[in-house]
Amino acid sequence: MRRLETPWGAKVSPAGFGCAGLGSRVDARTGLRLLEHAVVNGVNWIDVAPGYGDGDAESIVGRLPAAVKRELHITTKIGLAARPSRLRRMLAPLGRPVVAALPGLRPLLRGSAGVMAVALDARTVRRSVEDSLRRLGVEQVGALLLHGPAADRIGHDETARVLETLVASGKVRSIGIAPDAVQPVEAHEADIVQLPATLFAPAPLGTRFAVRHGALRALPRLKRLLRKSAEAKNLARDHASDPAAFLTDYALATNAFGVCLFSTMSMPHLDRLLARLDRDIDPAILGVGAALARLAHERGL
Ligand SMILES: NC(=O)c1ccc[n+]([C@@H]2O[C@H](COP(=O)([O-])OP(=O)(O)OC[C@H]3O[C@@H](n4cnc5c(N)ncnc54)[C@H](OP(=O)(O)O)[C@@H]3O)[C@@H](O)[C@H]2O)c1
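Residues numbered from 1 in each chain as written. Predicted model: local features only at pLDDT ≥ 70, side-chain atom pairs only at ≥ 80, totals over all residues. Heavy atoms only, no water.

S.K.: Just give me the short version of the sheet that holds strand S12 (residues 259-262), but keep the residues and values in it.
M.R.: In space, the eight strands of this closed barrel follow the order S3-S4-S5-S8-S9-S10-S11-S12, with parallel pairing throughout. The average angle at which neighbouring strand axes cross in this sheet is 30 degrees, direction not considered. The pairing of strand S10 (residues 192-196) with strand S11 (residues 209-213) spans five bridges and is parallel. Across the sheet, the residue bridging to Leu-195 is Arg-212, located in S11. (Pairing = 2+ DSSP bridges. Helix = DSSP H or I, 4+ residues; strand = E, 2+ residues; numbered from the N terminus. Axes fitted to C-alpha atoms, helices over the stretch in contact; angles between N-to-C directions.)

Next up, the structure:
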């Protein structure tokens, strides 16, 4: 798979494997199988956080062999952690088949996910990073991002100092922010700005290395648009006959010098994603995407 060179000298895949569902949407065994499949096929950017997978995702990544992990660029985060819930853990194996059969429930469950904000004083940050390194079974992470509301702390003196010491000690290679929504943040202190971006709600590219997620979240709306508008169907004729492939290509084309995160807990979907990654993308897709988004806004679809 082709590689991008980051400003801090890492060679990374243009697509990253998002671990938000490892251990929650799928059990550890299935999650590890999906992760291994992505890695064997060339994906080396892994996006995880202490709270992902109800607190289990980092440990699942940690089960990869050490030699494999040395070749990966693992991004983890600080600022949000899993809220311990025995009830949630007990119910997860029963709930997975229900959610798999009724995917419409997912946004509701995502909203109730057990994460909580953690303080960002020097001691808590150091402990959070040490815990992440231990669960991941690595001595260094490729990036450490300030997660959710914590992103606002990037310019604060105490946070900046502790981040600097983590980089200087070699435990963290680069730092960045991952706010929940696009906000006017000029994060000069950050190497990475990670934001949601979809066909219908793009994120501006700034001067920092851009990581984008959420591309496939636009799938239901794109399908509805193509169903309801003959003009959209006509526009998409040559490009969007497979809407999921279109959204994947569009995300990669709009962030050609950064990384696009994808999160699929389905092997057939993962294979379809991997099949897109070494293709040349027709630049015309950018115009088609912009026109489809405009149409959706104009028609309220
Ligand atoms: N604040 C932050 O930093 C933040 C916030 C959110 C997410 N993230 C990161 O970004 C990653 C990506 O998350 P995302 O939810 O935004 O991912 P996404 O890839 O945009 O969307 C994932 C959804 O698309 C579905 N999907 C994937 N391929 C498909 C296909 N071919 N056909 C139909 N459906 C398909 C998946 O279902 P299946 O599983 O069934 O394939 C899943 O429901 C997360 O894992 C996490 O690492 C970061």
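Let us keep going from here.
S.K.: Kindly report on the pairing of S10, identifying the contributing residues and their values.
M.R.: By the criterion of burial, S10 is predominantly enclosed, with four of the five residues buried. Bridge analysis of strand S9 (residues 172-178) against S10 gives two bridges, and the strand direction is parallel. Following the sheet pairing, Gly-176 is matched in S10 by Ile-192. (Buried < 20%, exposed > 50% of the residue type's maximum accessible area, 1.4 Å probe, protein only.)

S.K.: If you had to explain the packing of helix H10 (residues 243-254) against helix H12 (residues 284-299) to someone new, which residues and values would you point to?
M.R.: For the pair H10 and H12, the least separation of the axes is 10 Å and the interaxial angle reads 110 degrees. On the basis of the axis angle, H10 is roughly perpendicular to H12. Crossing of H10 against H12: the hand is left-handed. Only Ile-285, Leu-286, Val-288, Gly-289, Ala-290 and Leu-292 of H12 make contact with H10, whose side of the interface consists of Phe-246, Asp-249, Tyr-250, Ala-253 and Thr-254. Looking at the contact of H10 with H12 residue by residue, the classes come out as eight nonpolar, two polar and one charged. (Parallel < 35°, antiparallel > 145°, perpendicular 65-115°, else oblique. Left-handed = near helix turned anticlockwise from the far one by under 90°. Contact = heavy atoms within 4.5 Å. Nonpolar A, V, L, I, M, F, W, Y, C, P; charged D, E, K, R; others polar.)

S.K.: Quick rundown of the environment of Ala-293? Include the residues and the values.
M.R.: In this fold, Ala-293 is placed in helix H12. Between the alpha carbons of Ala-293 and Glu-5 there is a distance of 30 Å; along the sequence they are 288 residues apart. Residues contacting Ala-293, with those up to four places away along its chain left out, are Leu-199 and Phe-200.

S.K.: Which residues make up the site of the ligand, and what values go with them?
M.R.: Around the ligand, 27 residues are found, and the nearest of them are Asp-47, Arg-217, Thr-264, Met-265 and His-269. Here an oxygen atom of the ligand and a backbone polar atom of Leu-216 are 2.9 Å apart. At 2.4 Å, a side-chain N or O of Arg-217 approaches an oxygen atom of the ligand. Of the residues assigned to the shell around the ligand, the class counts are 12 nonpolar, nine polar and six charged. (Near = heavy atom within 4 Å. Polar contact = N/O pair within 3.5 Å; in protein donor to acceptor, adjacent residues only side chain to side chain.)

S.K.: Tell me about the packing of H10 against helix H11 (residues 267-276), and name the residues and values.
M.R.: Look at H10 against H11: their axes get within 10 Å of each other, and the N-to-C directions meet at 45 degrees. Considering the angle they form, H10 stands oblique to H11. Both H10 and H11 take part in a crossing whose hand is right-handed. Of H11, the residues touching H10 (which contributes Ala-244, Ala-245, Thr-248 and Asp-249) are Arg-272, Leu-273 and Arg-276. When its residues are assigned to classes, the contact of H10 with H11 shows three nonpolar, one polar and three charged.

S.K.: A description of a nonpolar patch on the surface should follow, citing residues and the corresponding values.
M.R.: A surface patch of nonpolar side chains, about 340 Å² in accessible area, is lined by Met-90, Leu-91 and Leu-94. With respect to the secondary-structure elements, Leu-94 resides in helix H4 (residues 86-101). For Leu-94, a relative accessible area of 61% gives the class exposed. (Patch = residues over 30% accessible without salt bridge, like charges linked within 9 Å, V, L, I, M, F, W, Y side chains within 5 Å. Areas by Shrake-Rupley, 256 points an atom, 1.4 Å probe, with all protein chains shown as cover. Salt bridge = Lys/Arg side-chain N within 4 Å of Asp/Glu carboxyl O.)

S.K.: Hey, could you go over the layout of surface pockets for me, with residue numbers and the actual values?
M.R.: Looking at the second largest pocket, its volume works out to about 370 Å³. Forming the boundary of the second largest pocket are 18 residues, of which Lys-69, Arg-70, Glu-71, Leu-72 and Gln-140 lie nearest the centre. Elements supplying a minimum of two residues to the lining of the second largest pocket: strand S2 (11-12), helix H3 (66-70), strand S5 (73-78) and strand S8 (141-147). With three residues, the single largest contributor to the lining of the second largest pocket is H3. Taken together, the residues of the lining of the second largest pocket break down into seven nonpolar, five polar and six charged. (1 Å grid on protein atoms, 1.4 Å probe; cavity = no way out; pocket = protein on both sides within 12 Å on 5 of 7 lines; lining within 4 Å. Points joined across faces, edges and corners; volume = space filled by probe spheres on them.)

S.K.: Describe the side chain of Ser-13, listing the residues and the values that go with them.
M.R.: Note that Ser-13 resides in the loop between S2 and strand S3 (15-18). Looking at Ser-13, the relative accessible area reads 0%, which means it is buried. Engagement of the side chain of Ser-13 in a polar contact is seen with the backbone oxygen of Ala-15, the distance being 2.8 Å. Within the structure, Ser-13 has its side chain in polar contact with the backbone nitrogen of Trp-45 (distance 3.5 Å). Not counting the four nearest positions on each side in its chain, Ser-13 is found in contact with Met-1, Arg-2, Arg-3, Leu-4, Gly-42, Val-43, Asn-44, Trp-45 and Val-259.

S.K.: Can you tell me about the packing of aromatic side chains, naming the residues and giving the values?
M.R.: The final tally for this structure, using the stated rule, is three aromatic pairs. An angle of 80 degrees between the planes, with centres 5.3 Å apart, marks the rings of Trp-8 and Phe-209 as edge-to-face. With Trp-8 in the loop between strand S1 (4-5) and S2 and Phe-209 in strand S11, this residue pair connects regions lying 201 residues apart in the sequence. Each member of the pair, Trp-8 together with Phe-209, is buried. Between the aromatic rings of Trp-45 and Phe-209, the centroid separation amounts to 6.0 Å while the plane-to-plane angle is 25 degrees, which identifies the pairing as stacked. Remark: Phe-209 occurs in strand S11 and Trp-45 occurs in strand S4 (residues 45-47); sequence separation between them is 164 residues. Given the relative accessible area of 0%, Trp-45 is considered buried. Site record: aromatic cluster; members linked through ring pairs are Trp-8, Trp-45 and Phe-209. (Phe/Tyr/Trp six-rings, centres within 6.5 Å; stacked < 30°, edge-to-face > 60°.)

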